[in-house]
Amino acid sequence: MKTRKILLTEQEIPDKWYNIVADMPNKPLPPLHPGTKEPIGPEALAPLFPMELIKQEVSADKWIEIPDEVRFIYSMWRPTPLYRAYGLEKALDTPAKIYYKYEGVSPTGSHKPNTAVAQAYYNKQEGVKKITTETGAGQWGSALSFACNHFDMECEVFMVRLSFDHKPYRKVMMNTWGAKVHASPSDTTEAGRKILEQDPDTTGSLGIAISEAVERAAGSEDTKYALGSVLNHVKLHQTIIGQEAIRQLEKAGDLPDVVIAPFGGGSNFGGLAFPFLRLNFEEGRKIRCIASEPTSCPKLTRGVFRYDFGDTVGMTPLLPMYTLGHNFVPAPIHAGGLRYHGAGVIVSQLLKDQLIEATAHDNLEVFEAGISFARAEGIIPAPEATHGIATAIAEANRCKEEGISRTILFNLCGHGYFDMKAYQDYFEGKIVRHEVTSEEIATSLSELETPEIS
Ligand SMILES: *Cc1c(COP(=O)(O)O)cnc(C)c1O
């Protein structure tokens, strides 16, 4: 029988995270203070994050030890399986070999617990009692709720209004692990009240929810804040994914030509792609790594590389990143986890240096890809994950046109079993094509005070 699932043992869970900063030809530019616009040091982050995570955020060490306790929690669902997509290859009639790493086997159904557990662990070590956060689709909120519950800490989540209304069961899931959940913008913070005054019917955005969660954490001594994407330490923790995938592909006697992942802030993309980029840096390989984003929130393909705030209100440091502008409110697509105006700093620098690629897909196209995948492989993908699938299908079709067999690997970063409303909308013909206009992007960018970085 052919092997469909390539598995590792618990003992093979990697014991270090890979820090790509050590290998980058151009290091990320420093964050700037939101008021003075001067570079800030790590100490500026101390009110929000525990020291150990701040150290990881600015570390240039190539390998960072994973604490045994974190690895042991990982063993609840890791190593995750790597699948050869025989069904999809057949459906596409492609000469390409397609593999996917399946992160949907975690307790919350996505890659997010890989960092949630690590972040909760370091907070616990430093005596933190409560963690606040934002969540878009609810994936990150559930992951942090799960992790905080494990370490007996409180968790308070600001959930983007659109998802709060669309995905009631994600909220119940967070409640099950003991978290408190607000629809954002809420009337429990200054930032939330300010936005509600301007626009009482807003569907919210990640940028607004971040402002709320940061405000709550900054106002209390034993409360810290956690972010589920964008930051360097988040991507660092996710590199467990790509390291496992390399070992699994070695077992299969294969190595990918193309590595693909959906892109919100960059954590599941970085998690899968960075360990493969290490092979490019160290061994001179030419593995293409492609980030896949929605055409309705196209910061990598149509944004500018420039200093911008991570949130809407302008409380976070200014970060050098590809952005659509911190006031950009993306259309209410179902892929809530991809509705963020900016890209992580490391990924932005890599794209600027042309070490990675980016592509965008329309809302309707990704649902078609997701349904083809579900019919060929069985698993119903998260709406975010369908973007990576659409790119993988496009690459596989290209192989067919060119008559070349390439090996394609993509990240199936989450399942869609809490997203049936999205699929229902698709079947009822309610999912429509959507692309932002150049005017919308130009207007949002014109509100930035910071210059473009050349
Ligand atoms: C959060 C999330 C994303 C987007 O975030 P990244 O940091 O870019 O990975 C994508 N897919 C799923 C399933 C998510 O939960």
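Look up: the structure comes first, before these words.
The residue count restarts for each chain, going from 1 along the sequence in the order it is written. Two thresholds apply to this predicted model, a pLDDT of at least 70 for residue-level local features and 80 or more for giving and counting side-chain atom pairs, whereas whole-chain, interface and lining totals are computed over all residues. To get the side-chain values, all heavy atoms of the structure are used, and hydrogens and water are removed first.

**Student:** Go over the overall build of the chain, please, and point to the residues and values.
**Tutor:** Strands here mean DSSP runs of E at least two residues long; helices mean DSSP runs of H or I at least four residues long; both are numbered from the N terminus. Scanning the chain for helices and strands turns up 18 helices and 15 strands. Restricting the calculation to C-alpha atoms gives the radius of gyration, and the globule rule supplies 2.2 Å times the number of residues raised to the power 0.38. For the chain, the C-alpha radius of gyration of 20 Å lies close to 22 Å, the compact-globule estimate for 454 residues. Across its three principal axes, the chain shows a C-alpha extent of roughly 60 × 50 × 45 Å. A simple rule labels every residue: compare its accessible area, found with a 1.4 Å probe on the protein chains alone, to the largest value its type can have, and call it buried under 20%, exposed over 50%, or partly exposed in between. Within the chain, buried positions represent 63% of all 454 residues.

**Student:** Tell me about the pairing of strand β10 (residues 258-262), and please be specific about residues and values.
**Tutor:** With respect to burial, β10 is a largely interior element, five of its five residues being buried. Both faces of β10 are covered, namely the face carrying Val258, Ile260 and Pro262 and the face carrying Val259 and Ala261. Summarising the sheet, β10 and strand β11 (residues 288-294) pair through five bridges and their orientation is parallel. Opposite Pro262, over in β11, you have Ser292 as the bridge partner. Looking down the strands as they point away from the viewer, one classifies a crossover as right-handed if the path from the first strand across the helix to the second runs clockwise. On the question of chirality, the crossover connecting β10 to the parallel β11 by way of helix α12 (residues 267-283) is right-handed. Relative to strand β15 (residues 407-412), β10 runs parallel, the two being bridged by three bridges. Its bridge partner lying in β15, Val258 is registered against Ile408. A pair of strands is considered paired only if DSSP assigns at least 2 bridges between the two.

**Student:** I'd like to hear about the nonpolar core, residue by residue, with values.
**Tutor:** Core analysis: the largest hydrophobic core is formed by 75 residues, its most contacted members being Trp17, Tyr74, Phe269, Phe276 and Leu409. Per-element tally for this core: the top contributor is α12, with seven residues. Side-chain atoms within 4.5 Å are what join buried Ala, Val, Leu, Ile, Met, Phe, Trp, Tyr and Cys residues into a set we call a nonpolar core. In this structure, Tyr83, Tyr102, Val366 and Leu412 belong to the second largest nonpolar core, which totals 33 residues.

**Student:** Could you give me a rundown of the pattern of salt bridges, with the residues and numbers involved?
**Tutor:** Only one rule defines a salt bridge in this text: a Lys or Arg side-chain nitrogen within 4 Å of an Asp or Glu carboxyl oxygen. Following the criterion strictly, the structure yields 27 salt bridges and no others. Here Lys421 and Asp425 are joined by a salt bridge, their closest N and O atoms 2.9 Å apart. Highlighted residues: Lys421 and Asp425, both in helix α17 (residues 420-427), separated by four residues, approximately one helical turn. Exposure remark for Lys421: the relative accessible area of 35% places this residue in the partly exposed category. Looking at Asp425, the relative accessible area reads 7%, which means it is buried.

**Student:** I'd like a description of the packing of aromatic side chains, backed by residues and values.
**Tutor:** The criterion for an aromatic pair is that two Phe, Tyr or Trp rings (for Trp, the six-membered ring) have centres within 6.5 Å, with stacked assigned to planes under 30 degrees apart, edge-to-face to planes over 60 apart and tilted to the rest. Using the criterion set out here, one finds 17 aromatic pairs in the structure. On the numbers, 5.4 Å between centres and 50° between planes, the contact of Tyr18 with Trp63 is tilted. Highlighted residues: Tyr18 in strand β2 (residues 16-18) and Trp63 in strand β3 (residues 63-65), separated in sequence by 45 residues. Tyr18 gets classed as buried once you look at its relative accessible area, which sits at 1%. Aromatic pair Phe367 and Tyr423: ring centres 5.5 Å apart, planes at 80°, arrangement edge-to-face. Here the residue Phe367 occupies a position in helix α15 (residues 363-377), and Tyr423 occupies one in helix α17, the gap between them amounting to 56 residues. In this structure Phe367 comes out as buried when scored by relative accessible area, which is 2%. Among the aromatic side chains, those forming a connected cluster through ring pairs are Tyr83, Tyr100, Tyr102, Phe373 and Phe410. Two conditions define a charge sitting above a ring: the NZ of Lys or the CZ of Arg must be within 6 Å of the ring centre, and it must be within 35 degrees of the ring normal. Lying across the ring of Tyr86, Lys2 places its NZ or CZ 4.4 Å from the centre. Sitting over the face of the ring of Tyr99, Arg84 holds its NZ or CZ atom 5.7 Å from the ring centroid.

**Student:** Lay out the pairing of strand β13 (residues 318-323) in plain terms, naming residues and giving numbers.
**Tutor:** Counting buried positions along β13 gives six out of six residues, so the element sits mostly inside the fold. In β13, alternate side chains face the same way, and those of Leu318, Pro320 and Tyr322 on one face and Leu319, Met321 and Thr323 on the other are all buried. Note that strand β12 (residues 304-309) and β13 share six bridges and pair antiparallel. Looking at β13, one finds that Tyr307 is bridged to Pro320.

**Student:** Can you break down the sheet that holds strand β9 (residues 223-225) residue by residue, with the values?
**Tutor:** Within the open sheet, the four strands sit side by side as β8-β7-β6-β9. Their pairing is parallel. One side of each edge strand has no neighbouring strand; the edge strands of this open sheet are β8 (180-184) and β9. Looking at each pair of strands side by side, their axes are set apart by 20° on average, direction ignored. Pairing between strand β6 (residues 130-135) and β9: three bridges, direction parallel. Bridge pairing links Lys130 to Thr223 in β9. In what follows, residue pairs with any heavy atoms lying within 4.5 Å of each other are defined as contacts. To get an axis, fit a line to the C-alpha atoms, keeping to the stretch in contact for a helix; angles then go from 0 to 180 degrees between the N-to-C directions. Sheet contacts for helix α9 (residues 206-218): β6, β7 (154-160), β8 and β9; angle to β6, the most-contacted strand, approximately 170°.

**Student:** Quick rundown of helix α11 (residues 240-251)? Include the residues and the values.
**Tutor:** Every helix has an expected span of 1.5 Å times one less than the residues it contains. When the terminal C-alpha atoms of α11 are compared, their 17 Å separation across twelve residues agrees well with the 16 Å that a helix rising 1.5 Å per residue should span. Most of α11 is tucked away, with nine of its twelve residues classed as buried. Phi for Gly253, located one or two positions after α11, is positive at around 70°.

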